[in-house]
Number of protein chains: 6
Amino acid sequence: MTDSTDKTTTEITTFGETMLRLAPERGERLETAESLDFRTAGAESNVAIAASRLGADAVWISKLPETSLGRRVTTEVRSHGVTPAVAWSDEGRQGAYYIEEGGEPRGTNVIYDRHDAAITTTEPDDVPLDTIRSSDVFFTTGITPALSETLYETTTELLDVDTTTAFDLNYRSKLWSQSTAQSAYEELLPKVDLLFAPERDARSILDVDGTGEAIADELRTTFDCETVVVTQGADGAVASTAEGSVSQSAFETETLDPIGTGDAFVGAFLSRYVRDASVSEALTWAAATAALKRTITGDLAVITEEEVEAVIADGGSAIDR
Amino acid sequence: MTDSTDKTTTEITTFGETMLRLAPERGERLETAESLDFRTAGAESNVAIAASRLGADAVWISKLPETSLGRRVTTEVRSHGVTPAVAWSDEGRQGAYYIEEGGEPRGTNVIYDRHDAAITTTEPDDVPLDTIRSSDVFFTTGITPALSETLYETTTELLDVDTTTAFDLNYRSKLWSQSTAQSAYEELLPKVDLLFAPERDARSILDVDGTGEAIADELRTTFDCETVVVTQGADGAVASTAEGSVSQSAFETETLDPIGTGDAFVGAFLSRYVRDASVSEALTWAAATAALKRTITGDLAVITEEEVEAVIADGGSAIDR
Amino acid sequence: MTDSTDKTTTEITTFGETMLRLAPERGERLETAESLDFRTAGAESNVAIAASRLGADAVWISKLPETSLGRRVTTEVRSHGVTPAVAWSDEGRQGAYYIEEGGEPRGTNVIYDRHDAAITTTEPDDVPLDTIRSSDVFFTTGITPALSETLYETTTELLDVDTTTAFDLNYRSKLWSQSTAQSAYEELLPKVDLLFAPERDARSILDVDGTGEAIADELRTTFDCETVVVTQGADGAVASTAEGSVSQSAFETETLDPIGTGDAFVGAFLSRYVRDASVSEALTWAAATAALKRTITGDLAVITEEEVEAVIADGGSAIDR
Amino acid sequence: MTDSTDKTTTEITTFGETMLRLAPERGERLETAESLDFRTAGAESNVAIAASRLGADAVWISKLPETSLGRRVTTEVRSHGVTPAVAWSDEGRQGAYYIEEGGEPRGTNVIYDRHDAAITTTEPDDVPLDTIRSSDVFFTTGITPALSETLYETTTELLDVDTTTAFDLNYRSKLWSQSTAQSAYEELLPKVDLLFAPERDARSILDVDGTGEAIADELRTTFDCETVVVTQGADGAVASTAEGSVSQSAFETETLDPIGTGDAFVGAFLSRYVRDASVSEALTWAAATAALKRTITGDLAVITEEEVEAVIADGGSAIDR
Amino acid sequence: MTDSTDKTTTEITTFGETMLRLAPERGERLETAESLDFRTAGAESNVAIAASRLGADAVWISKLPETSLGRRVTTEVRSHGVTPAVAWSDEGRQGAYYIEEGGEPRGTNVIYDRHDAAITTTEPDDVPLDTIRSSDVFFTTGITPALSETLYETTTELLDVDTTTAFDLNYRSKLWSQSTAQSAYEELLPKVDLLFAPERDARSILDVDGTGEAIADELRTTFDCETVVVTQGADGAVASTAEGSVSQSAFETETLDPIGTGDAFVGAFLSRYVRDASVSEALTWAAATAALKRTITGDLAVITEEEVEAVIADGGSAIDR
Amino acid sequence: MTDSTDKTTTEITTFGETMLRLAPERGERLETAESLDFRTAGAESNVAIAASRLGADAVWISKLPETSLGRRVTTEVRSHGVTPAVAWSDEGRQGAYYIEEGGEPRGTNVIYDRHDAAITTTEPDDVPLDTIRSSDVFFTTGITPALSETLYETTTELLDVDTTTAFDLNYRSKLWSQSTAQSAYEELLPKVDLLFAPERDARSILDVDGTGEAIADELRTTFDCETVVVTQGADGAVASTAEGSVSQSAFETETLDPIGTGDAFVGAFLSRYVRDASVSEALTWAAATAALKRTITGDLAVITEEEVEAVIADGGSAIDR
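Everything quoted here is computed from the prediction, not taken from an experiment. (Residues numbered from 1 in each chain as written. Chains lettered and ligands numbered in written order. Predicted model: local features only at pLDDT ≥ 70, side-chain atom pairs only at ≥ 80, totals over all residues. Heavy atoms only, no water.)

Brief notes about the packing of helix 6 (residues 178–188) of chain B against helix 7 (residues 199–206) of chain B
Residue and element names in this part refer to chain B.
Part 1 of the argument: The N-to-C vectors of helix 6 and helix 7 enclose an angle of 100 degrees; their axes lie 9 Å apart at closest approach. One way to sum up the angle between helix 6 and helix 7 is to call them roughly perpendicular. The residues of helix 7 that touch helix 6, namely those facing Q178, A181, Q182 and Y185, are S204, I205 and L206.
Part 2 of the argument: Of the residues in the contact of helix 6 with helix 7, the class split is four nonpolar, three polar and no charged. (Axes fitted to C-alpha atoms, helices over the stretch in contact; angles between N-to-C directions. Helix = DSSP H or I, 4+ residues; strand = E, 2+ residues; numbered from the N terminus. Parallel < 35°, antiparallel > 145°, perpendicular 65-115°, else oblique. Contact = heavy atoms within 4.5 Å. Nonpolar A, V, L, I, M, F, W, Y, C, P; charged D, E, K, R; others polar.)

Dropping the structure here:
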C-alpha cells in the first residue's frame with residue numbers, strides 16, 4: 001500500500017487538501033447530535049474522483065498526517081480509482097469540517113476545522129513534480145493558496161510547471177478576505193489555461209460584470225486563458241474560448257445534498273477534456289454529472305458513465321426494473 | 001409453525017415469488033454503502049398483505065429454500081395475517097433484489113438477483129390446489145410465468161383451476177422480452193376473469209391504443225374478461241365491465257417510496273371485491289390505499305381500514321393529537 | 001444535581017407535563033418499526049427551552065416519577081439551560097407519546113400515553129410558589145388543566161399568583177371535549193394577562209369569528225387580557241393590545257418536523273417580551289424562531305439568537321462556508 | 001387479518017400480557033439514550049412463540065388496545081406462527097417495559113410501565129373458552145393474576161376449564177408482595193397439572209426447602225400436580241412425577257441477553273410434552289432451547305428445531321461453512 | 001442560557017479542557033468507519049459530572065470557541081447538573097479526540113486533536129476567581145498545565161487561590177515528556193491539599209517507589225499535602241493522611257468502556273469529601289463509582305447515588321424486575 | 001477507474017471470488033433482522049489486502065458482473081491499495097454470503113449464495129497471465145477450484161504458470177465433498193511451492209496424521225513443496241522446509257470476529273516472504289496479524305505494520321494516550 005507514485009504518465013493530476021467530513025443526520029443539530037456521518041472530502045480530490053469514475057486516469061497530490069485519520073482519507077480516495085501521491089507527515093493536523101444541512105430558512109452551515117493541517121506546510125519538494133509534468137492537465141483551486149502562506153507559494157510554483165493548468169476560483173470567505181483573494185487570483189490566473197469561475201465569485205472578487213458570457217469572455221482575455229467556464233448554478237454554465245462561447249443549461253434535479261456539485265461539474269468536464277471532447281460535449285457531461293451529484297449524500301459524485309449518458313439522453317429516470 | 005395450510009375456505013389466494021429486498025439509505029449508493037435495509041417483497045405477497053390488512057382472509061402460495069433466508073420471508077408475510085402455504089425446498093436460491101431510490105434525474109434502480117430461485121421449479125404438485133379451488137379469488141401476476149419455463153406451465157395450469165381468477169400484467173423488461181411476454185399474455189389472459197393492466201404495459205406489450213377507457217374495453221372483449229382495470233399512475237384508473245366503465249382519479253400523495261403502489265392498489269381492490277363491493281367502491285379503496293402506500297418505506301401497504309376510510313372521507317390529514 | 005430551585009428571581013417560569021417522545025423513522029410504521037427515536041417534549045418545557053436558548057433565564061416546574069425515565073426528562077431540559085424545579089414522586093407514571101409523521105394523505109398521528117402521569121396529582125404545595133411570584137412571567141397552557149381534576153385546580157390557583165401570567169390555549173381533542181375545554185377556558189382566561197390563541201382553537205372552542213385581528217380584539221376585551229396573540233399557521237400571526245393590533249407574516253420554511261412550532265413561537269415571543277421589546281419585535285422573533293424550528297427534528301427549537309437574527313435579516317440562507 | 005380464532009383444536013393455548021420492550025443499546029443509559037430498540041415481549045406469548053417455532057400449534061389469548069401499539073404486539077406474535085386471539089379494547093393502555101442491561105456490578109434494570117393495561121380488565125367473557133377447552137394444554141404464569149384483581153379472578157376461572165393446565169410461578173416483586181403472592185399461589189396451584197417453579201421463587205414464596213429434587217417432590221404432593229419442574233438456572237432443572245424424578249443439567253452458553261430464558265425453557269418443554277415425549281426428553285429440549293435463547297437479543301427464542309437438535313447432539317458449534 | 005455564573009457558593013469547582021469524543025463502533029477501525037459516536041469528555045468536567053450526579057453542587061470552568069461545537073460541550077455538561085462557567089472565544093479550536101477501543105492485543109488507541117484549542121489561551125482574567133474562592137474544593141489535573149505555556153501559568157495562579165485544592169496527576173505522554181512533567185509537578189504539588197496519583201504515574205514521573213501505601217506517604221510528606229490517594233487500577237487504592245493510611249480494594253466489574261474510570265473515582269471521592277465523609281467512606285464510594293463507570297459507554301459516570309449504594313451494599317446485581 | 005492492469009511487475013497476485021458479506025448485528029437473527037451490515041470478502045482478496053496493508057504490492061484477479069454490486073467489490077478491494085484485475089461480465093451473478101455470528105452453543109452460521117457467480121465461467125483467457133508470470137508469488141485457495149468445473153480447469157492452468165505458487169487448502173464442506181476435494185488437492189498440490197494447510201483440513205481430507213510438525217513434513221515430501229505451513233488455530237502454526245521445521249505459538253486475543261483469521265495469517269506471511277524474510281519471521285508476522293484480525297469486525301485485516309510490530313514487541317496494549 002504505497003502512496004508515492006512512480007506513474008510516468010497520467011491524464012489528470014490534482015493538488016489540494018482533503019478533510020474529514022463530519023455531519024449529523026438531516027434535521028439534527030451538532031449541538032445535540034449523538035452520532036455523526038463520517039466521510040472525507042476536498043475540492044481537488046472530489047474533482048479527481050469524479051474524473052476517475054468517468055474513465056480518466058487520475059492522481060491526487062497532498063500531504064497528510066501519518067495517522068489513521070490521514071489513512072482514512074487515502075482509503076476513500078483510492079476506492080474510487082484515484083492514485084494518491086501523499087507526503088506523509090509527523091507534523092500537522094488532519095483537517096476536518098462539520099456540516100449541518102438545514103432546509104430554508106436555516107440553510108447549510110459549515111464549520112471548518114482545518115487550522116494547522118499537515119498540508120499547510122507543503123513545499124514543492126514534497127510534491128512529485130514529474131507526475132504533474134507528465135499529466136495532460138494539472139488542477140487545483142483557490143482553496144489551496146488560501147490555506148497558508150507556504151501553500152500560496154507552492155501553488156504558484158506548481159502552476160508554473162510545464163503542462164496544461166486548470167483552476168477553479170472556489171472563493172471561501174471563511175479562509176481569506178475578498179481583497180486578499182483578489183490579489184492572489186490576479187497573480188495566479190495568468191498561469192492558468194483552463195479556468196472555472198462561479199459567476200458569484202467572479203462578480204464579487206474579480207470585479208467583472210455583465211452576462212455570464214460577457215464575464216467568461218472578459219476573464220479569458222484579461223488573464224489570457226485558453227478556456228474560461230463560468231458556472232451559474234441553476235442557470236447552467238457558459239464557456240468562452242477563442243472560437244466563441246458555448247452555453248449549457250442545468251439539468252433538473254431533486255437536491256438531496258448540494259455540497260460538491262461544482263467539483264462534480266469540473267471533474268466531469270476534465271474527464272472529457274483530456275479525451276479531446278469538444279467544449280460543448282464536456283459542458284454537457286459536466287452539467288449532467290452535477291445534476292446526478294445532487295441526488296447523492298456526501299461530497300462525492302459516486303456515479304458511472306452509463307448514468308451520465310442516461311441523463312444526457314433523456315434527462316430522465318422512472319423506475320428501472 | 002406449520003406453513004402447509006389445511007384451510008378449507010379462504011377469500012383470496014395468491015401465488016408468486018417473494019424476495020429479500022436490500023436497500024441502502026436514500027442518498028447512499030450500493031457501491032459505497034456499509035449497511036442495507038432488509039425487508040421482503042413480492043408482487044403476489046404484497047397483494048395478499050394489502051388485502052389481509054383490509055380485512056380479507058388471504059393465503060399466499062410459494063416455494064422457498066428451507067433456510068433462515070426462506071423463513072425471513074414467511075416471518076414477514078405471516079406477521080400481516082396472511083397464511084403462507086409454502087413448499088420448502090432443499091434446492092434453489094432465495095431470490096433477492098437490491099434497490100437504490102434516487103431523486104430525479106437518477107431515478108430508482110432495481111438489480112434483480114432472482115436467478116435459480118427455489119420457486120422456479122414449482123410444479124402443480126407443489127401447490128395446494130384445493131386451497132385455490134376453495135378461494136373466492138385466485139391471483140397471480142405476469143412476473144410469475146416470466147421466471148421460468150416450469151413456472152409458465154404451472155401458472156397456466158393454476159389459472160385453469162375452477163375459481164375466479166385475477167391477474168396483473170406486471171411486465172418486467174428485466175425478466176423477458178416484449179415479444180415473449182406478448183405471446184404468454186395472449187395465451188394466459190383468456191383464462192383470466194379480473195385483469196389489472198398498467199396502461200403503459202397494455203400499450204407497449206398488447207398493442208392496444210386510445211384512452212384508458214378504450215383500452216379497458218378492448219382488453220375485456222379481446223380476452224373475454226369479466227372486469228378489466230387499467231391503472232394510469234397519477235391519472236387514476238378506469239374499470240371496464242359489461243355494465244360499462246367507471247373511472248377513479250388518484251389521491252394526492254407525498255411520495256416517500258413508490259415501489260409496491262400497484263400491488264397496494266390491487267390488494268385493496270380485491271379486499272372489497274370479495275365482499276361484493278361495487279367496482280366503483282373497490283376502485284376508490286384501491287386508489288386510497290395506493291396513495292397511503294407511497295408515504296410508507298418498503299413495498300408493503302402497512303395500513304388499516306380506518307386510515308383508508310379517512311383518506312376516502314377527506315383525502316386528508318393534518319396533525320391528529 | 002438538585003432540581004429544587006432556590007432562585008430568587010427569574011425571567012420566565014413555566015408549569016406543565018413533559019413526556020417521553022417515541023418516534024419511528026419517517027416512512028416507518030409503529031406497527032413494524034424495530035427502533036424508535038427517543039427524546040422528551042412538552043409544551044411548557046418546549047417554551048422554556050426556546051426562551052432560554054434566546055437568552056432568557058427560565059425555570060420549568062413539574063412533577064416526575066423518581067426513575068431513570070423521569071431523569072431522562074430533566075437531563076434534556078437542563079441541557080438547554082432551563083432550571084428544572086421538579087417534585088420527585090414515588091407514585092405515578094412518566095408520560096409518553098408515540099408519533100408517526102407521514103406525508104399526505106397519511107398525516108401525523110400522535111398516540112398519547114400520559115394516563116396517570118405523576119404530574120396529574122400536583123397540588124400547589126408541590127410547587128415553588130415563590131419562584132412563580134418572583135418571575136417576570138408565569139406561563140402554562142390549556143394542556144395542563146386538561147390532564148386531571150387536580151391539575152385543573154392547581155392551574156387555577158397558580159394563575160392567581162401575583163405576577164404577569166401567560167397562557168396558550170393549546171386545545172387537545174384527545175384530552176378533553178370541546179365543551180369541557182370551553183368551560184375551563186372561560187374560567188381561566190380572566191386570570192391571564194398574555195394570551196396565545198391558535199386561530200382554529202379560538203374559532204372552534206371559544207365561538208369567536210371574523211378575521212384574525214377581530215378574533216384577537218374580541219378575546220382581549222372578553223377576557224380583559226393585556227395582549228392577545230392569534231396564531232394562524234402559514235398565515236402568520238396578529239396581536240391585539242390596547243394600543244391597537246400588529247400583524248406578522250410567517251417566514252417561508254421547508255418543514256421537516258412541524259411538531260413544536262407553536263411552542264417555539266411562544267418561547268421566542270416571551271424571550272423578547274421579558275426584555276421589554278415591542279409587541280411587533282416579539283412577534284417577528286416568534287415567527288422567525290417558528291420557521292427555524294420546522295427545519296429541526298423533534299419538538300425543541302434547538303436554535304441560537306444569531307440564527308434567528310439571520311432569518312429576520314434576510315429570511316435566508318444559502319451555504320455558509 | 002382477524003385476531004379472533006375459530007380454531008377447533010390446538011395444541012397449546014397461553015393467556016397473558018404482552019408488552020412493548022424498549023431498550024437502549026448495551027452500555028447506554030436510559031437517561032441519556034437517544035434511540036431505543038423496540039420489540040414486544042410477555043411471558044405467555046414468549047412461551048407460545050418458543051413452542052410454535054419448535055413445531056407446536058399455538059394460540060395466545062390476550063386483550064389489547066385497538067391502536068398501532070396494540071397491533072405492534074400481534075404483528076410480532078403472528079410472525080412466529082402463533083395465532084393471536086385478542087379482545088380489542090377502546091380502553092386501557094398498551095403495557096410497556098424499559099430495560100437496561102448492564103454488566104456487573106450494575107446488573108439489569110427493568111422499569112415496568114404496565115399500569116392500567118387493557119388486559120387488566122379481562123373477564124372470562126373476553127376469552128375464547130372453547131379454544132382453551134379444545135387445547136391439549138392451557139398455560140399461564142404468576143404474572144397474570146398479579147396484574148389486577150379482575151385478572152386474578154379470571155385466571156382462577158380459566159384454570160378451572162377442563163383441560164391440562166400448566167403454570168409458571170414467575171414471581172415478580174415489582175407486581176406484588178411475597179405474602180400476597182403466596183396466598184394466590186396456594187389458591188391457584190391445586191388447579192395446576194404441570195407446574196414450573198424457579199427454585200428461588202419456590203424457596204422464598206412457598207416456604208419449601210431442601211434440594212431441587214426435594215422441592216419438586218414436595219410441591220407435587222402439596223398441590224397434587226401431575227408434574228413439577230424446578231428450574232435452577234446454571235444448575236439445570238429437575239422434574240418430579242409420580243414415576244420419580246429426572247434431572248437435567250444446563251448447556252453451556254455465552255450469554256448475550258438473559259431475559260426470556262425461562263420462557264424459552266417452558267415453551268420447548270411444552271412443545272415436546274404435547275407430542276407425548278418423555279419428561280426426560282422434554283427437559284433436554286427445554287435446556288437446549290434455553291441455552292440458545294441466551295445468545296439472542298430480545299425475549300424471544302428465535303430458534304429452529306434443527307438448532308436445538310444440534311445443541312443436544314453435541315452442545316456445539318464452531319463455524320459452519 | 002447564560003454560562004457565566006454569579007453563584008456565590010458552590011461545593012466543587014473544576015477547571016480544564018473538555019473535548020469532542022469521536023469513536024467508531026467497537027470492532028470498526030477509524031480508517032474504514034462511516035459513522036462515529038459523538039460525545040464530549042474531559043477529565044475535569046468528568047469529575048464535576050460524577051460529583052454532581054452524586055449530589056454535589058458543581059461548577060466547571062473552561063474556555064470554548066463560540067460555535068455549535070463549543071455549545072455541544074456545555075449542552076452535555078449542563079445536562080448532568082453541572083454549571084458551566086465558560087469564557088466564550090472567537091479564537092481557538094474546539095479540541096477533539098478520536099478513540100478506537102480494541103480488545104487485546106490491539107488495545108485502545110487515542111488520537112488527540114486538541115492543538116490550539118481555545119482553552120490554551122486562558123488567562124486568570126478569563127476565570128471567575130470568586131467562584132473558585134467560594135468553593136469548598138477547587139480541582140484540576142496534570143492535563144491542564146500540559147496544554148500550553150499560558151495554561152501552565154494560569155494553573156499555577158489558580159492553585160494559589162485561597163481554598164482547598166485538589167489535583168490528579170493524570171500524566172499524558174502524548175502531551176509532554178516525563179522530564180517536563182516532573183518539573184511541573186514539583187512546582188505545582190506543594191500548592192495541592194488533596195492529591196490523586198495513579199501509581200504508575202507516581203512511579204514513572206515522580207521517582208517514588210515501594211508499596212502503594214509507601215508511595216502515598218512519601219508523596220504526602222514530600223509535597224506537604226493533607227491527603228494523597230494512590231490509585232492502583234484493579235488493585236484498588238490507598239489513601240495517606242496524617243492520621244494514617246486507608247486502603248480500598250476495587251469492586252469486580254465487567255468492563256465495557258474503561259475510559260473515564262479515574263475521573264469517576266475522583267468525582268465520587270470529592271462528592272463525599274465535601275460533605276465531610278471519612279476518607280474511608282469517600283474511598284469506598286470512589287471505588288464503587290469507578291466500577292459502575294466501566295459498564296457504561298463513554299467517559300461519563302452516568303450513575304445515581306442509589307446505584308452506588310447498591311454496589312457498596314452487595315457489590316451486586318442480578319436482574320431486578 | 002480502469003480495472004485491467006498493465007503492471008509489469010508485482011509482488012503478490014491472487015485469484016479468486018470475492019463476495020458480498022451480509023450480516024445482522026450480533027445477537028440478531030437473519031429471520032427477524034431489519035438491517036444488515038454490508039461488506040465484501042473473499043479468501044484471495046482478503047489475503048491480498050492483508051499483504052498490501054503490510055507493504056506488499058498486490059494484484060487481485062477475478063471476474064465480476066458489471067453492476068453496482070460488482071463495483072461494490074472493487075471499490076473496497078482498491079481502498080486497501082490492492083490493484084483489481086477484473087474481467088467484467090454481462091453474465092453471472094455477484095456472489096454473496098449471509099453470516100450470523102452467535103456465541104456458544106449457537107456458533108457461527110454461514111449461508112453461501114454464490115451459485116452461478118460470474119467468476120465460475122472464468123477461463124485462462126479472462127486472466128492477465130503476464131501479471132501472474134511477473135509476480136513474485138501467485139496465490140489461490142481450495143475454494144476457487146471448488147466453485148465450478150471451469151474454475152477447476154482454470155486453476156490448474158494458472159498453477160502451471162512459471163512463478164512461485166502458493167495455495168491454502170481452505171476446505172469448504174458446503175462447496176464439495178471430502179472425496180472430490182481430496183482428488184482435486186492430489187492433482188493440484190504437486191504444482192504448489194508454498195502450501196498453507198489448516199491442520200483439521202489436512203487430517204480429514206488428506207489422510208495425514210501425527211503432530212503438526214509431522215503433518216507439515218509429510219505434506220511437503222508427498223507433494224514436493226518448498227514450504228508447508230500447518231495452521232493450528234489457538235495452538236499456533238508450524239512450518240516445514242528442507243532446512244527443518246519452525247513453530248510459532250498464537251498470540252492471545254479477545255475475539256470479536258473470527259472470520260478471516262486464516263487469510264490474515266497467509267497475507268501477512270506472504271508480505272514478509274516476498275521480502276525474503278526468514279520463515280520464522282514470516283510466521284511471527286502471520287500470527288500477530290491473525291491475532292489483530294480477530295479484534296476487528298469483518299473479514300479484513302484492517303491493520304498497519306506498526307500495529308503488527310507492537311504486538312510482536314510485547315503482545316500488548318493498554319490504553320495509549
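Moving on from the model shown.
What to know about the interface of chain F and chain E
Part 1 of the argument: Contacts between the two partners involve 23 residues from chain F, matched on the other side by 20 residues from chain E.
Part 2 of the argument: Carbon and sulfur atoms supply 48% of the area that chain F and chain E bury against each other, a total of about 1900 Å² over both sides.
Part 3 of the argument: The tally of links between chain F and chain E comes to four salt bridges.
Part 4 of the argument: With a closest N to O distance of 2.5 Å, R29 of chain E and E307 of chain F form a salt bridge.
Part 5 of the argument: For the side of chain F that touches chain E, the secondary structure elements donating two or more residues are helix 10 (279–293), helix 11 (305–314) and strand 14 (319–320) of chain F. (Buried area = accessible area lost by both parts, 1.4 Å probe. Salt bridge = Lys/Arg side-chain N within 4 Å of Asp/Glu carboxyl O.)

A few points about the sheet that holds strand 8 (residues 135–141) of chain C
Residues and elements named next belong to chain C.
Part 1 of the argument: Taken in spatial order, the nine strands make up an open sheet running 5-4-1-8-9-10-11-12-13, and their pairing is mixed. Among the strands making up the open sheet, the edge pair consists of strand 5 (83–89) and strand 13 (244–248). Averaged over all neighbouring strand pairs, the angle between strand axes comes to 20 degrees, with direction disregarded.
Part 2 of the argument: Set on the sheet, helix 8 (residues 212–223) makes contact with strand 10 (194–198), strand 11 (227–231), strand 12 (237–241) and strand 13; between it and strand 12 the angle comes to about 35 degrees.
Part 3 of the argument: Here helix 9 (residues 261–273) sits on the sheet and contacts strand 1 (10–15), strand 8, strand 9 (164–168), strand 10, strand 11 and strand 12; the angle it forms with strand 10, its principal contact strand, is near 155 degrees. (Pairing = 2+ DSSP bridges.)

Considering the sheet that holds strand 9 (residues 164–168) of chain F
Residues and elements named next belong to chain F.
Part 1 of the argument: The sheet built from nine strands is open, its strands ordered 5-4-1-8-9-10-11-12-13 with mixed pairing. On the outer flanks of this sheet lie strand 5 (83–89) and strand 13 (244–248), each paired with one strand and no other. When strand polarity is set aside, the average angle formed by the axes of neighbouring strands in this sheet is 20 degrees.
Part 2 of the argument: Both strand 1 (residues 10–15) and strand 8 (residues 135–141) contribute to a ladder of four bridges, which runs parallel. Residue pairing for strand 8: T10 is matched across the bridge by S135.
Part 3 of the argument: Against the sheet, helix 9 (residues 261–273) makes contact with strand 1, strand 8, strand 9, strand 10 (194–198), strand 11 (227–231) and strand 12 (237–241), and its axis sits at roughly 155 degrees relative to strand 10, the strand it touches most.

Quick word on the side chain of R220 of chain E
Residues and elements named next belong to chain E.
Part 1 of the argument: With respect to the secondary-structure elements, R220 resides in helix 8 (residues 212–223).
Part 2 of the argument: Buried R220, no salt bridge; nearest opposite-charge side chain is D217, N-O distance 4.2 Å.
Part 3 of the argument: One polar contact links the side chain of R220 to the main-chain carbonyl oxygen of T241, over a distance of 3.3 Å.
Part 4 of the argument: For R220, the contacting residues outside a window of four places in its chain are C225, E226, V228, S240, T241 and A242. (Buried < 20%, exposed > 50% of the residue type's maximum accessible area, 1.4 Å probe, protein only. Lys, Arg positive; Asp, Glu negative; His and termini not counted. Polar contact = N/O pair within 3.5 Å; in protein donor to acceptor, adjacent residues only side chain to side chain.)

Re the interface of chain E and chain A
Part 1 of the argument: With 23 residues of chain E in contact, the opposing surface of chain A contributes 23 residues.
Part 2 of the argument: The junction of chain E with chain A conceals about 2200 Å² of combined surface from both sides, 55% of it contributed by carbon and sulfur atoms.
Part 3 of the argument: Applying the counting rule to chain E against chain A returns four salt bridges.
Part 4 of the argument: Across the salt bridge formed by D113 of chain E and R93 of chain A, the nearest N and O atoms sit 2.6 Å from each other.
Part 5 of the argument: Linking chain E with chain A are 15 residue pairs in polar contact (both at pLDDT 80 or more).

Quick look at helix 8 (residues 212–223) of chain A
Residues and elements named next belong to chain A.
Part 1 of the argument: Helix length check: helix 8 (12 residues) gives 16 Å between terminal C-alpha atoms against 16 Å at 1.5 Å per residue, within 8%.
Part 2 of the argument: Within the span of helix 8, buried status applies to G212, I215, A216, L219, R220 and F223. Down the axis of helix 8, the smallest arc covering the buried residues is 130 degrees, so these residues share one side.
Part 3 of the argument: Looking at the buried residues of helix 8, the elements they touch are helix 6 (178–188), strand 10 (194–198), helix 7 (199–206), strand 11 (227–231) and strand 12 (237–241).
Part 4 of the argument: Two residues or fewer after helix 8 comes D224, characterised by a positive phi angle close to 55 degrees. (Expected span 1.5 Å × (residues − 1). Arc of directions from axis to C-beta.)

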